[in-house]
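# Results of the structural survey
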Amino acid sequence: MTLLSPTAGSRQVPGPRGVPVLGSLPQWKKSTAEFLLRTQRDHGEISRIKLGPQNVYLVSDPDAVAHVLKGNSANYVRGQLYEQFRIVMGDGLLTTDGDYWKAHRRAVQPAFMRKAVAAIGPYTVDATNEMLDDWEERARRGEPVDLVAETLRLTLVTLSRSLFGFDVRPSTPVLKDVVDHVIEVMFKHGTVTEMMPSWMPTKRNRLIARDRRILTRLVDDVRERHAATGEGRLMELIEAATDPATGARWSDEEIRDEMLTIYLAGHETTAVALLWTLLSLANQPASREELEEETDRVLAGRAPTADDMDDLPFTRNVIDESLRLYPPIWIYPRDAVQADELGGYPIPAGSSVLLSPLVSHRNPRYWDNPEAFDPHRFDPGPSKDRPKMTYFPFGAGARMCIGNLMALLELRIAVAMISQRFRLSLLPGDFVRYGDTSISLRPLNEVLVTLHPRDGRRGGRKDA
Ligand code: HEM
């Protein structure tokens, strides 16, 4: 239990006034990201936002973020939003707390340690090469590609082969539809049909039932394949996992929920990160040229491995900077179990606390010219002077993203390989906006880009 300071109870948390009854709900709905950035600018790093009957606390002060995610994390449990995730993912790492979560995290953790992750490198190389070979054909025909679909397929194929030992390629078009809908179900709520009970035959409920059917089928196929081949490090761990209290093997439902959690949490986020990195480079010729110079010099036309990463500092910086400006998970809530104090302000028991990497990452107090894409801000010098919790694209503390090392390696390899072989440009007039009311920072529409092969280079190909 945290003791409140004597003055905490009397301090009013600053925040926008909003309108009677609804509070700031209209501005929130119009553009959540813009509204939250404005709130930080006008009211500071701890502010209170009234959303209808509810008060929500937006927290970006680095010490307070550390307190919520690390120092007093036991007091801050998964908020209501995670209930939405449960509709599709059931009880997996993302949606559970306490002993159940701890046992599951421990069981699968070995697949995400540095050494195990290095083995994912060759899978990323193969999947990226397949994509780039196809891009060459399409560039020859003068066809643009949709970067949303391409990045989603790349990360899904890599994740499925490397962790689960399963080639998901034939199912990728169907799975893309399912994942698009699942994301909508998980992140958009508040309409009347969403309040209907799940047995009512609404269009939404029918689609959820279809999603679950297709995803359960995928899980069954993956398990069947693993039983036949023994491939997939994560599958091995999941099939062997036991309950620490009873020693019993995980039930089929437990296995299914954990597999779906990792499939869904692992590929969409990485795809969104790759997409924004590629778009940022398309718009920043100076950064793109610096990246090309580095990958050409260090790799000299061959494919990268995990061991090359220390020699590709600018490539790493490009990805770090993209995750700063466009963190795929840009907002996440916690509920305070007991009353607490953040930055000298009282936080009542039961209130929702909102952490937003997007808002923290654009705080002008810690980031010069925060809206600009500048990979050099991650050079060792400037990084040293920044407080820790001003940058947390993967969260922090015990609930930090389990796949962060995997995502970073995959992104670095894919970005290096794409820069070896292609330059991209957005089709003229194409305007990209991110999905304001969705938690995942996906553009609202498809993103068509033109492909420009780099004068016949064959960087990263096996035959290079
Ligand atoms: C750029 C890519 C990624 C980003 C930005 C990202 C971001 C995050 C964040 C911010 C959290 C913490 C959420 C919270 O505390 O409420 C999280 C948790 C999680 N992520 Fe990731 N993630 C990425 C890639 C991955 C990958 C590749 C995997 C697995 C293959 C993965 C699996 C998970 C899981 C299972 C959790 C829940 C962990 C737990 O609570 O124990 N993520 N991720």
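Residues numbered from 1 in each chain as written. Predicted model: local features only at pLDDT ≥ 70, side-chain atom pairs only at ≥ 80, totals over all residues. Heavy atoms only, no water.

### A short note on the side chain of R421
- Examined against the element boundaries, R421 turns out to sit in helix α17 (residues 404-421).
- Look at R421 and you get buried, because its relative accessible area is 1%.
- At 3.1 Å, the side chain of R421 and the side chain of N129 are in polar contact. (Helix = DSSP H or I, 4+ residues; strand = E, 2+ residues; numbered from the N terminus. Buried < 20%, exposed > 50% of the residue type's maximum accessible area, 1.4 Å probe, protein only. Polar contact = N/O pair within 3.5 Å; in protein donor to acceptor, adjacent residues only side chain to side chain.)

### What about the packing of helix α12 (residues 252-283) against α17?
- As a packed pair, α12 and α17 sit with axes 10 Å apart at the nearest point and diverge in direction by 35 degrees. Of the two elements, α12 crosses α17, and the hand of that crossing is right-handed. For the pair formed by α12 and α17, the contact residues are T270, A273, L274, T277, L278 and L281 on the first element and A407, E410, L411, A414, V415 and I418 on the second.
- Class assignment for the residues of the contact of α12 with α17 results in nine nonpolar, two polar and one charged. (Axes fitted to C-alpha atoms, helices over the stretch in contact; angles between N-to-C directions. Left-handed = near helix turned anticlockwise from the far one by under 90°. Contact = heavy atoms within 4.5 Å. Nonpolar A, V, L, I, M, F, W, Y, C, P; charged D, E, K, R; others polar.)

### Digging into the layout of surface pockets
- The volume enclosed by the second largest pocket comes to roughly 630 Å³.
- Taken together, 24 residues form the lining of the second largest pocket, with D320, F378, K388, Y391 and P393 sitting closest to its centre.
- Elements with a minimum of two residues in the lining of the second largest pocket: α14 (313-325), α16 (380-384) and α17.
- It is α14 that contributes the most residues to the lining of the second largest pocket, five residues altogether. (1 Å grid on protein atoms, 1.4 Å probe; cavity = no way out; pocket = protein on both sides within 12 Å on 5 of 7 lines; lining within 4 Å. Points joined across faces, edges and corners; volume = space filled by probe spheres on them.)

### A few points about the nonpolar core
- Residues W135 and F164 are the most contacted members of the largest nonpolar core, which totals 123 residues.
- Among the elements that make up this core, the one with the highest residue count is α12 (15 residues).
- Both domains that meet at this core, namely domain 1 (1-81 + 330-392) and domain 2 (91-326 + 394-464), each give it at least three residues.
- Discounting chain neighbours no more than four positions away, the residues touching F164 are L159, V222, E231, G232, L234, M235, M259, I262 and Y263. (Core = buried A, V, L, I, M, F, W, Y, C linked by side-chain atoms within 4.5 Å. Domains from an automatic or database assignment.)

### Notes on the pairing of strand β10 (residues 448-453)
- Judged from the two bridges that link them, strand β4 (residues 145-146) and β10 form a sheet pairing that is antiparallel. The partner of V145 across the bridge, within β10, is V449. (Pairing = 2+ DSSP bridges.)

### Considerations on empty space enclosed by the protein
- Enumeration according to the criterion identifies five cavities of 30 Å³ or more in this entry.
- A volume near 860 Å³ is recorded for the largest cavity.
- Taken together, 45 residues form the lining of the largest cavity, with L94, A265, T269, I329 and C401 sitting closest to its centre.
- Elements with a contribution of two residues or more to the lining of the largest cavity: α4 (81-89), α5 (98-108), α8 (147-164), α9 (172-187), α12, β5 (332-336) and α17.
- When residues of the lining of the largest cavity are assigned to their parent elements, the largest contribution, nine residues, is made by α12.
- Grouping the amino acids of the lining of the largest cavity by side-chain chemistry returns 32 nonpolar, seven polar and six charged.
- There are two domains that each give the lining of the largest cavity at least three residues, and those are domain 1 (1-81 + 330-392) and domain 2 (91-326 + 394-464).
- The volume enclosed by the second largest cavity comes to roughly 110 Å³.
- Surrounding the second largest cavity, L278, L281, A282, R288, L291, E292, V415, I418, S419, F422, R423 and L424 form its lining.
- Where the lining of the second largest cavity is concerned, the elements lending two or more residues are α12, α13 (285-299), α17 and β9 (422-426).

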